[in-house]
Amino acid sequence: MKEAKFEGETIYLEVAGRSMDVHIAAPPGRGPHPGVLLMFHRGGLDACTAHYFKEFPKAGYLTIVPNFYHHCPKDVPLHDCKKFLKDNEVIAEIAASADYALSRPDLDRGRFFIAGHCMGGRLSFLGAGTKPVFTAAVAYYGGGMMSHWGEGRPTPFELLKNIRCPVYGFFGDLDTNPSPADVDRFEAELKRYGVPYVFHRYPKAGHGFQNPARDKGRNADEIATSDSAWATMLDLLSASGATPDRVMARAG
């Protein structure tokens with residue numbers, strides 16, 4: 001996988017003595033705009049991430065993408081950089097990115113979301129469970145929820161109880177990571193701790209159904225599911241920033 005070209009603004013944040021590039025795309029107008037802190041998937045800053053870096057601003061969202069692979073050796077393929085990530089470092093980088101976003105005058109602080117696909121779904125849960133500034137968390141088929149990246153930190157699953165915003169999850173029933181049984185566990189844990197959530201499950205979709213870079217590998221059902229999930233997510237986010245009761249009523 002090759003790193004894609006990202007049009008827009010790039011800034012650099014110092015986190016634990018290292019410089020992390022952060023990519024920003026703003027919709028037209030002065031704002032303030034609702035914002036999304038976009039967690040990339042295992043492919044990093046690739047064509048899939050570039051696609052959503054364009055699509056979220058088209059939908060009106062100030063879009064901020066931290067490059068968690070900034071400390072990965074340059075000769076390592078993007079797809080293999082995941083093994084260099086540690087939860088304690090990623091948590092600090094999410095927090096720094098969120099603080100930067102909240103400092104921007106063009107961000108609507110009352111509508112600030114965290115979202116991601118696959119690995120990014122895991123990171124969305126991780127961020128929402130450790131940085132209580134988001135008004136909703138979106139996770140598309142986040143896998144690896146019960147695993148540690150580095151010792152000494154709770155898993156994202158164990159942090160679900162700390163989430164203080166509505167959670168919107170999108171999952172394929174043909175997926176194996178997370179499997180439908182895993183999604184059942186996520187749902188039970190959110191219910192246990194009273195976290196508002198809306199889960200959508202798609203019986204004919206597998207993992208990565210919303211990755212446009214896989215168009216040759218996606219069937220018609222998965223493409224239709226992708227389009228439906230995107231429209232559903234935008235509708236849910238348009239209601240967020242309100243009380244959880246209103247969000248749940250809109251979603252129901």
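Our subject in this report is the structure included herewith. (Residues numbered from 1 in each chain as written. Predicted model: local features only at pLDDT ≥ 70, side-chain atom pairs only at ≥ 80, totals over all residues. Heavy atoms only, no water.)

What to know about the packing of helix α2 (residues 87–103) against helix α3 (residues 119–128)
Defined as follows: Only the contacting stretch of a helix is used when fitting its axis, a line to C-alpha atoms as for every element, and angles between N-to-C directions run 0 to 180 degrees. Note on conventions: DSSP H or I runs of at least 4 residues are helices, E runs of at least 2 residues are strands, and numbering of each starts at the N terminus. We call two directions roughly parallel when the angle between them is under 35 degrees, roughly antiparallel when it is over 145, roughly perpendicular when it lies between 65 and 115, and oblique otherwise. Here, residues are in contact when the closest pair of their heavy atoms is within 4.5 Å. Residue polarity is assigned by list, with Asp, Glu, Lys and Arg as charged and Ala, Val, Leu, Ile, Met, Phe, Trp, Tyr, Cys and Pro as nonpolar; anything else, Gly included, falls into the polar class.
It is at 10 Å that the axes of α2 and α3 come closest, and there the two elements cross at 70°. By the criterion of interaxial angle, the relationship of α2 to α3 is roughly perpendicular. Packed against α2, whose contacting residues are D87, V90, I91 and I94, the element α3 presents R122, L123, L126 and G127 at the interface. Across the contact of α2 with α3, the residue classes break down as five nonpolar, one polar and two charged.

Thoughts on the layout of surface pockets
Rule in force here: Only protein atoms enter the 1 Å grid used here. Points where a 1.4 Å probe fits but cannot escape make up a cavity, open sets with protein on both sides within 12 Å along at least five of seven lines make up a pocket, and a residue lines them when an atom lies within 4 Å of a point. Grid points are joined across faces, edges and corners, and a volume is the space filled by probe spheres set on the points.
Considering only enclosed or pocket space, the largest pocket measures out at about 250 Å³ in volume. Around the largest pocket, the lining is made up of 14 residues, and of these E3, Y69, C72, K74 and L78 lie nearest the centre. Partitioned by chemical class, the residues of the lining of the largest pocket number eight nonpolar, three polar and three charged. One number sums up the size of the second largest pocket: a volume of about 170 Å³. Forming the boundary of the second largest pocket are 12 residues, of which H41, C118, H207, N211 and R214 lie nearest the centre. Considering only residue class, the lining of the second largest pocket consists of three nonpolar, seven polar and two charged.

A look at helix α1 (residues 47–58)
The criterion, for reference: Helices are assigned an expected span. That span is 1.5 Å times one less than the residue count. Residue burial is assigned from relative accessible area. The probe radius is 1.4 Å, only protein chains are included, and a residue is buried under 20% of its type maximum, exposed over 50%, and partly exposed in between.
Compared with an ideal rise of 1.5 Å per residue, which puts 12 residues at 16 Å, α1 spans 17 Å between its outermost C-alpha atoms and is within 8% of the ideal. For α1, the full list of buried residues reads C48, T49, A50, Y52, F53, F56 and P57. Turning to α1, the residues buried within the fold contact β2 (18–25), β3 (33–39), β4 (62–66), β5 (107–117) and α6 (220–239). Backbone geometry just downstream of α1 places G60 in the positive-phi region, at approximately 100°.

Just distances and angles here, no functional claims.
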